[in-house]
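Residues per chain are reported as follows:
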Amino acid sequence: GRLGDLGYIDPKYDIAVSTACSALDYLVTDTTSGAEKCVKFLRDRKLGRATFAILEKFKHLETQMKKPIKTPGNVPRLF
């Protein structure tokens, strides 16, 4: 699905976040082969282009994501 559809943005910040974060339009797939199938689908139907966030390509970041971080106001991390 579309990255921007996988979370919630408070309406009062929606325009600012949507403007600053073009990655919200990326399509998320689990695997490279899933992204390749999507590309084929788009090409076969001449539907244009898309950018993909392929989750298996982010595996190397898992240890970093599990480390504690300091957030402004100690707001809890979203994931």
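Summary of the structure given here.

Cut-offs applied
Residues numbered from 1 in each chain as written. Predicted model: local features only at pLDDT ≥ 70, side-chain atom pairs only at ≥ 80, totals over all residues. Heavy atoms only, no water. Helix = DSSP H or I, 4+ residues; strand = E, 2+ residues; numbered from the N terminus. Rg over C-alpha atoms; globule rule 2.2 N^0.38 Å. Buried < 20%, exposed > 50% of the residue type's maximum accessible area, 1.4 Å probe, protein only. Contact = heavy atoms within 4.5 Å. Areas by Shrake-Rupley, 256 points an atom, 1.4 Å probe, with all protein chains shown as cover. Patch = residues over 30% accessible without salt bridge, like charges linked within 9 Å, V, L, I, M, F, W, Y side chains within 5 Å. Salt bridge = Lys/Arg side-chain N within 4 Å of Asp/Glu carboxyl O. Expected span 1.5 Å × (residues − 1).

Some words on the overall build of the protein chain
Along the backbone of the protein chain there are 3 helices and 2 strands. Helices and strands in the protein chain line up, N terminus first, as α-β-α-β-α. By the compact-globule yardstick of 12 Å for 79 residues, the protein chain is too spread out, its C-alpha radius of gyration being 16 Å. Counting only residues that meet the buried cut, the protein chain has 13% of its 79 residues in that class. Relative to all contacts within the protein chain whose residues are 6 or more apart in sequence, the contacts with residues 24 or more apart total 42%. A total accessible area of about 6,900 Å² is found for the protein chain, and carbon and sulfur atoms account for 60% of it.

A look at the environment of F52
Summarising the element assignment, F52 is placed in strand β2 (residues 52-54). Assessed through its relative accessible area of 18%, F52 is described here as buried. Taking the C-alpha atoms as reference points, F52 and T29, 23 residues apart in sequence, are found 7.0 Å from one another.

Brief notes about a nonpolar patch on the surface
Taken together, the side chains of L55, F58, L61 and M65 define a hydrophobic patch exposed on the protein surface, amounting to about 330 Å² of accessible area. Mapped onto the elements, M65 comes out in helix α3 (residues 62-66). Given the relative accessible area of 36%, M65 is considered partly exposed.

Some remarks on helix α2 (residues 32-44)
For α2, spanning 13 residues, the distance from its first C-alpha to its last is 18 Å, which sits close to the expected 18 Å at 1.5 Å a residue. In the stretch just after α2, K46 is the one whose phi turns positive, near 50°.

Brief notes about the environment of D14
Examined against the element boundaries, D14 turns out to sit in helix α1 (residues 14-20). Distance in space between the C-alpha atoms of D14 and V28 is 20 Å, their sequence separation being 14 residues.

Thoughts on the environment of R49
Looking at the element boundaries, R49 is found in the loop between α2 and β2. Taking the relative accessible area as the measure of exposure, R49 reaches 86% and is therefore exposed. Considered as a pair, R49 and A35 are 14 residues apart in the sequence and their alpha carbons are 12 Å apart.

Don't take any of this as a statement about function, it's just geometry.
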